[in-house]
Structure formats: structure tokens, C-alpha cells
Amino acid sequence: MPDVQQITIDVDSSTGVVAPSAWFGNEHPIELEIGCGKGGFLLRQARAHPERNFVGIEWASKYFRYAADRMCRWGVENVRLVRTDAKHFVMHRLPPACLSALHVYHPDPWPKKRHHKRRLFCAEFVDAAARVLRPGARWAIQTDHAEYFAVIRGLIDGRLDFEPAPFDDPEYGTIDERTETNFEVKYVREGRTIYRLALRRRGST
Ligand SMILES: C[S@@+](CC[C@H](N)C(=O)[O-])C[C@H]1O[C@@H](n2cnc3c(N)ncnc32)[C@H](O)[C@@H]1O
């Protein structure tokens with residue numbers, strides 16, 4: 001049974017590129033969720049797929065601790081949690097082609113114009129995602145914010161390194177089957193539209 005020490009990874013006490021496989025001690029494919037919140041999606045996926053490794057990044061210490069306790073309670077061995085800034089982490093700390101999937105569900109929209117610079121999605125972040133996703137990897141994105149979704153699409157449309165992929169994918173669970181995230185549940189209940197996009201990293205392995 002893992003304890004919180006084993007599940008949480010302190011990347012900010014080191015510099016340079018990290019080696020995520022070493023956190024797990026195996027070479028299973030690694031999926032990353034950015035802004036994992038209370039960890040509901042990660043927990044369900046990790047339990048359904050013991051043959052995969054999952055990393056969750058969460059900035060807010062309250063949610064980070066909640067998610068870490070939750071993983072321990074369930075005894076999942078294939079999850080690691082990192083409390084850091086996901087944008088910096090993906091852009092500067094991850095090695096190339098290390099991920100088999102990237103999940104970004106309900107990234108903070110920062111709706112005020114003067115706060116747009118705080119958003120996760122920008123051209124540099126999309127370049128970094130293309131670098132860390134291996135050929136064939138999946139990138140799933142979901143938001144309830146129409147304007148932010150249009151911005152995200154604008155950053156990705158026309159790129160040659162990604163191709164559209166079905167969001168409903170049995171390998172990752174269809175929309176009905178897979179865990180809804182906390183925000184998804186809340187927004188669906190409020191009757192908001194959920195915008196979804198899935199991509200596949202082009203290239204050969
Ligand atoms: C709107 S919530 C969505 C949480 C979860 N994905 C869901 O759908 O229920 C956004 C989450 O991303 C986290 N977050 C925002 N910016 C972040 C960053 N730069 N690095 C890591 N986590 C971040 C927030 O703390 C928050 O928990």
C-alpha cells in the first residue's frame with residue numbers, strides 16, 4: 001500500500017529535466033493530467049488501467065493533498081502527483097516523447113482580458129505538448145468556456161504535428177463510461193455546454 005511520500009514527487013527541489021519512468025520503476029506508458037484537482041479522473045483511470053502509469057499535476061495545495069490522500073486510501077500503485085506549475089513543468093522539465101497521453105479538463109479560463117496571460121494554452125505550451133507527446137499519443141482537452149475553446153482550437157488548427165482523433169475512444173473510455181471530472185459534473189448539472197477536442201500526435205514510432 002503506497003503512502004503519501006511515495007505518491008507525491010517534489011520536482012521543485014531539483015532543476016533540469018526529470019525522468020518520470022524512474023518514479024514508477026517500470027517502463028509502462030505514462031499519461032499526464034494537468035490540473036487534476038481532487039483526482040477523481042486519475043483514480044478511476046489508474047484503477048481501470050494498472051498497465052499504465054499516471055501523473056497528475058495540481059497547483060493548489062488543498063486539492064493536491066486531497067488527491068494524494070485519496071490515492072493512498074485506494075492503494076493505487078500507478079499514480080504519482082506533482083505539486084507545481086504545469087505550464088513550466090511541461091515546457092521545461094519533461095523529456096521529449098515521454099507521454100502516451102495528455103489530459104487537460106477544464107483548465108482555468110481566466111476570462112478577464114488582462115488575465116489571459118495566465119492561461120495554460122499559448123503557442124509555446126502547444127509546442128511543448130507536441131515535444132513531450134510521443135508519436136501516436138492522445139491529447140484530450142475539455143472546457144465549458146466557449147471563448148477559451150476557440151482560442152485553443154486556433155492554436156492547434158493547421159498544425160501538422162497533430163491530427164483529429166475521436167474524443168469517444170474505447171481505449172480511454174467513452175464519454176458515458178469514463179469518469180466525469182468534478183467540474184464536468186457541476187457544469188453539466190448547470191446545463192452548460194461542454195466543448196471537447198481530442199488529437200493524436202502524428203509521427204512514426
Ligand atoms: C477548473 S479546475 C478543474 C479541475 C479538474 N480538472 C476538473 O475538471 O474537475 C482547474 C484546476 O487546475 C489547477 N491549475 C490551474 N493552473 C494550474 C497550473 N498552472 N499548474 C497546475 N495546476 C493548475 C487548479 O488548481 C484547479 O484545481
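Analysis parameters
- Residues numbered from 1 in each chain as written.
- Predicted model: local features only at pLDDT ≥ 70, side-chain atom pairs only at ≥ 80, totals over all residues.
- Heavy atoms only, no water.
- Near = heavy atom within 4 Å.
- Polar contact = N/O pair within 3.5 Å; in protein donor to acceptor, adjacent residues only side chain to side chain.
- Areas by Shrake-Rupley, 256 points an atom, 1.4 Å probe, with all protein chains shown as cover.
- Helix = DSSP H or I, 4+ residues; strand = E, 2+ residues; numbered from the N terminus.
- Buried < 20%, exposed > 50% of the residue type's maximum accessible area, 1.4 Å probe, protein only.
- Core = buried A, V, L, I, M, F, W, Y, C linked by side-chain atoms within 4.5 Å.
- Contact = heavy atoms within 4.5 Å.
- Axes fitted to C-alpha atoms, helices over the stretch in contact; angles between N-to-C directions.
- Parallel < 35°, antiparallel > 145°, perpendicular 65-115°, else oblique.
- Left-handed = near helix turned anticlockwise from the far one by under 90°.

A few points about the site of the ligand
Piece 1. Contacts to the ligand come from 16 residues, most closely from G35, E58, D85, Y105 and T181.
Piece 2. A86 has a polar backbone atom sitting 2.9 Å from a nitrogen atom of the ligand.
Piece 3. Contact between the ligand and Y105: a nitrogen atom at 2.8 Å from a main-chain N or O atom of the residue.
Piece 4. Burial of the ligand by the protein amounts to 85% of the accessible area it has alone, namely 590 Å².

Describing unusual backbone geometry
Piece 1. At A97, a position not held by glycine, the phi torsion is positive, near 50°.
Piece 2. Looking at the element boundaries, A97 is found in the loop between α5 (86-93) and β5 (99-105).
Piece 3. Its relative accessible area of 40% is what places A97 among the partly exposed residues.
Piece 4. Phi is positive for W110, which is not a glycine, with a value near 40°.
Piece 5. Topologically, W110 is positioned in the loop between β5 and α6 (123-132).
Piece 6. W110 gets classed as partly exposed once you look at its relative accessible area, which sits at 28%.

A word on the nonpolar core
Taken as a class, soluble globular proteins show a tendency for nonpolar side chains to be buried jointly.
Piece 1. With 39 residues, the main nonpolar core has F121 and W139 as its most contacted residues.
Piece 2. Setting aside anything within four residues of it in sequence, one finds W139 in contact with L102, V104, F121, F125, V126, A129, L133, I156, F162, L197, A198 and L199.
Piece 3. If you look at the next biggest cluster of nonpolar residues, it comprises 14 residues, including M71, C72, V76 and V79.

Side note on the packing of helix α3 (residues 40-48) against helix α4 (residues 61-74)
Piece 1. Where α3 contacts α4, the axes come no closer than 10 Å and their chain directions differ by 25°. The angle between the axes of α3 and α4 places the two elements in the roughly parallel class. Crossing of α3 over α4 shows right-handed handedness. Facing G40, L42, L43 and R47 of α3, the residues of α4 in contact are R70, M71 and W74.

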